[in-house]
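Here is what each chain is made of, one letter per residue.
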Amino acid sequence: MKFSASAVATAFLFGATSSFAFTPIANSSLQSRKNASVVNYSSFTHPSTYQNNNNKIPIRTPPALQMSYTVGIVGATGAVGKEIKDCLENRNFPVAQLRIFGSARSAGTTVQTEKYGSVTVELFDRAAARECDVVFLAVSGDFALEHAKALVEGDDGCVVIDNSSAFRYEKDIPLVVPEINGAETKKCKLIANPNCTTAIGLMAIWPLHQLYGLKKIIMSTYQASSGAGQEGMDELQQGTQKWLQGDKVENKIFAHPLPFNVIPQIDKFMDNGYTKEEMKVAWESRKICSLPDDFPVSCSAVRIPTIRAHSEVIIVETEKPVNVEEARRVLADSPGVKLVDDPAQLQYPMPLTATGQYDIEVGRIRKSLIFGDHGLEFFVCGDQLLRGAALNAVLVAEEMANNGSLKAKAKA
Ligand SMILES: NC(=O)c1ccc[n+]([C@@H]2O[C@H](COP(=O)([O-])OP(=O)(O)OC[C@H]3O[C@@H](n4cnc5c(N)ncnc54)[C@H](OP(=O)(O)O)[C@@H]3O)[C@@H](O)[C@H]2O)c1
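Residue positions within a chain follow its written sequence, with the count starting from 1. Local features in this predicted model are restricted to residues of pLDDT 70 or higher, and side-chain atom pairs are both shown and tallied only at a pLDDT of 80 or more, whereas totals for entire chains, interfaces and linings draw on every residue.

The protein chain is annotated in an unreviewed UniProt entry as aspartate-semialdehyde dehydrogenase from Fistulifera solaris. UniProt positions are given in the numbering used here, feature names are shortened, and annotations may be inferred rather than shown by experiment. We quote the UniProt Catalytic activity (unreviewed entry) comment for the protein chain here in full: "L-aspartate 4-semialdehyde + phosphate + NADP(+) = 4-phospho-L-aspartate + NADPH + H(+)". Within the UniProt record for the protein chain, the comment given under Subunit (unreviewed entry) is "Homodimer."

Written out as structure tokens, the structure is:
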């Protein structure tokens, strides 16, 4: 069977097949985008991806959250920052005032919100950001290194939840996935949000660790273009259009052209032959789960030409013998996890269905051929802009509001 070039591109970008109830975006729609400026896919979610949305993470309105906070987002024009704004709105986080800070590139422009009206982007200024009760940093690690500690300093400083890797490995700074080690946020003002791949994988790994005790973790990850921010998505989209027109595909963000390719490199190479992204998974899994410094975790990280949601093959060796049905039941009951595991019905996790979802999807759960009774192999997909960044950060803020480490300052 032959497909037109645009049909191939549509299927490739959005993972459409005829075997499940997904209607690909019409070819004409893709065609019309060719002449348009770059479409912003960071908040792209095809309506069909919402049909299965039965996220278990509750919208919390306990007493502490009755307080209202002045909330700042630095980088709300970027891939992660936009999602933080949406999570705050969707989860009814009690925002008295939303302030958005950016660089000279976006200062003065406005961001439309459903609940807080039209918010004008302020040029980032430390003193102004310190007026907030909590500031979400969705900017580079260098920016966080320059400003985060100065933002939290003193009694009148604000709480900072940082999405970069700047502070993740500092001993006294908590690195938090709320469902695992949320209690570590108590009495802290600077919190590091984990690497997206790590956060997604640990949502499935942690319940299995509680159940069977893990001895080894081996991960292979297939990561979407949005992991490299808005510019990563733009490069994939523009490159795909160029490829289809027969033009040369250029790459600035990725090490090689990404359309119709996979690239076994994310971040820079380290002396041991692993990339920094791969080592982040090992370092951060140990820190978040309080595992020993030499606990065996290994990861291969591959960039693939999808827009959003990372996929992971995870193999674990366990202390106790495993039971696949029991593992399925426990994962289905775990917060932030959705079991999608019915191979007979072609139901398993996919980026397309995980996109826009708060829960990560886990499926293809089976006893490992390598570790036998003491091992499981499974597949996970999670929206890395949500669980791997924005949602996790907002859940951290909720945790801190609940445990009293986030307080609303007295207003003058
Ligand atoms: N993408 C992911 O999947 C992901 C997942 C987990 C963590 N992270 C981390 O989250 C952070 C943000 O990533 P991203 O993917 O959202 O990047 P992005 O799409 O490139 O957005 C970067 C944001 O930073 C802002 N910014 C840059 N320089 C600034 C300055 N001097 N002052 C104020 N704002 C400035 C930009 O605002 P202007 O438009 O005003 O320049 C933009 O909104 C990074 O540390 C990244 O490693 C990303």
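Next comes the rest of the description.
**Student:** Can you explain the overall build of the protein chain? Please cite residues and give values.
**Tutor:** By definition, any uninterrupted DSSP run of H or I lasting at least four residues is a helix, any uninterrupted run of E lasting at least two residues is a strand, and each is numbered from the N terminus. Summing up its helical and strand segments, the protein chain has 12 helices and 13 strands in all. A residue is called partly exposed when the number of other C-beta atoms within 10 Å of its own lies between 12 and 20, exposed at 12 or fewer, and buried at 20 or more, with C-beta atoms placed from the backbone. Taking all 412 residues of the protein chain together, 48% fall into the buried category. Think of it this way: build a C-beta for each residue from its backbone, and any pair within 7 Å is a contact. Contacts in the protein chain between residues at least 24 apart in sequence constitute 69% of all its contacts with a sequence separation of at least 6.

**Student:** Help me get a handle on the site of the ligand, residues and values and all.
**Tutor:** Placing the C-beta atom from the backbone, one calls a residue near a molecule or strand if that atom lies within 6 Å of it. What surrounds the ligand is a group of 30 residues, the closest being Gly78, Gly102, Ser106, Ser164 and Gly229. For the shell around the ligand, the secondary-structure elements that each account for two or more residues are α3 (79-90), β2 (95-102), α5 (141-152), α8 (229-245) and α12 (386-403). Partitioned by chemical class, the residues of the shell around the ligand number 11 nonpolar, 17 polar and two charged. Note on residue categories: nonpolar means Ala, Val, Leu, Ile, Met, Phe, Trp, Tyr, Cys or Pro, charged means Asp, Glu, Lys or Arg, and polar means any other residue, Gly included.

**Student:** Describe helix α7 (residues 196-212), listing the residues and the values that go with them.
**Tutor:** Note: α-helices contain 3.6 residues per turn, so residues at a spacing of three or four share the same orientation. Multiplying 1.5 Å by the residue count of a helix minus one yields the expected span of that helix. Between its terminal C-alpha atoms α7 stretches 24 Å, which fits the 24 Å expected from 17 residues at 1.5 Å a residue. Helix geometry: α7 is bent most strongly at Leu202, by close to 40 degrees. Of all 17 residues making up α7, 15 are buried, and the element is well covered by its neighbours. The positive-phi residue at the C-terminal boundary of α7 is Gly213, with phi of around 70 degrees. What the bend at a residue measures is the angle between two axes, fitted to the seven residues ending there and to the seven starting there.

**Student:** Describe the sheet that holds strand β6 (residues 159-162), naming the residues involved and giving the relevant values.
**Tutor:** In space, the seven strands of this open sheet follow the order β3-β4-β2-β1-β5-β6-β7, with mixed pairing throughout. Single-partner strands in this sheet number two, and they are β3 (110-112) and β7 (190-192). If you compare each strand with its neighbour and ignore which way they point, the axes differ by 25 degrees on average. DSSP-based pairing: two strands are paired if at least 2 bridges between them are found. Sheet topology places β6 next to β7; three bridges connect them, and they run parallel. Opposite Val160, over in β7, you have Leu190 as the bridge partner. Lines fitted to C-alpha atoms define the axes, with helix axes restricted to the stretch in contact, and inter-axis angles between N-to-C directions lie between 0 and 180 degrees. Most of the contacts of α5 go to β6, to which it runs at about 155 degrees, and overall it touches β5 (134-137), β6 and β7.

**Student:** Explain the nonpolar core to me, and be specific about the residues and the numbers.
**Tutor:** In terms of nonpolar packing, the biggest core is built from 102 residues, with Ile84, Val134, Val135, Ala204, Ala390, Val394 and Ala397 touching the most fellow members. For this core, the leading source of residues is α12, giving 11 residues. With sequence-adjacent residues up to four places away left out, Ala204 is seen in contact with Ile314, Leu331, Val337, Ile360, Val362, Phe378 and Val380. We define the nonpolar core as any set of buried residues of the types Ala, Val, Leu, Ile, Met, Phe, Trp, Tyr and Cys, connected via C-beta atoms lying within 7 Å of each other.

**Student:** Could you give an account of unusual backbone geometry, with specific residues and numbers?
**Tutor:** In the Ramachandran plot, Lys187 falls in the positive-phi region, its phi being about 65 degrees despite a non-glycine side chain. The backbone of Asp267 shows a phi angle near 75 degrees, a positive value even though the residue is not glycine. Relative to the helices and strands, Asp267 is located in the loop between α8 and α9 (276-288). A count of 17 C-beta atoms within 10 Å places Asp267 in the partly exposed class.

**Student:** Mind laying out the pairing of strand β10 (residues 310-318), listing which residues take part and the relevant values?
**Tutor:** Taken residue by residue, a regular strand's side chains alternate between the two faces of the sheet. Among the nine residues in β10, seven count as buried, and that is most of the element. In this structure, strand β8 (residues 214-223) lies alongside β10, joined through eight bridges in antiparallel fashion. Paired with Leu214 across the strands is Thr318, a residue of β10. Pairing geometry for β10 and strand β13 (residues 372-382), over eight bridges, is antiparallel. Bridge pairing links Ile315 to Glu377 in β13.

**Student:** Can you lay out the pairing of β2 for me, pointing to particular residues and giving the numbers?
**Tutor:** Alignment of strand β1 (residues 69-74) against β2, held across six bridges, turns out to be parallel. Counted as the bridge partner of Ile73 is Ile100 from β2. Chirality of the crossover, the property in question, places the unit of β1, α3 and β2 among those that are right-handed. Note: β2 against strand β4 (residues 118-123), three bridges, orientation parallel. By the bridge assignment for β4, Ile100 is matched with Val121. Assignment of crossover handedness uses the view with strands pointing away from the viewer, where a clockwise path from the first strand over the helix to the second indicates a right-handed crossover.

**Student:** Now, about the environment of Asp294: what can you tell me, with residues and values included?
**Tutor:** Looking at the element boundaries, Asp294 is found in the loop between α9 and β9 (297-303). The spatial distance from the C-alpha of Asp294 to the C-alpha of Trp283 is 9.5 Å, given a sequence separation of 11 residues.

**Student:** Lay out the UniProt feature "active site" (unreviewed entry) in the protein chain in plain terms, naming residues and giving numbers.
**Tutor:** Mapped onto the present numbering, the UniProt feature "active site" (unreviewed entry) falls on Cys196 and His310. Over a stretch of 115 residues, the named residues converge on one spot in the fold, their C-alpha atoms separated by at most 8.4 Å. By secondary structure assignment, the location of Cys196 is in helix α7. Along the chain, His310 turns up in strand β10. Residue class for His310 comes out buried when judged on the 30 C-beta atoms lying within 10 Å of it. Apart from residues no more than four positions distant in its own chain, His310 is found in contact with Cys196, Thr197, Ile200, Thr221, Tyr222, Gln223, Ala224, Gly227, Gly382, Gln384 and Gly388.

**Student:** Please set out the environment of Cys289 residue by residue, giving values where relevant.
**Tutor:** Note that Cys289 resides in the loop between α9 and β9. Placed 114 residues apart in sequence, Cys289 and Leu175 show a C-alpha to C-alpha distance of 9.9 Å. If we skip the residues at most four places from it in the chain, Cys289 touches Ile180, Leu202, Trp206 and His209.

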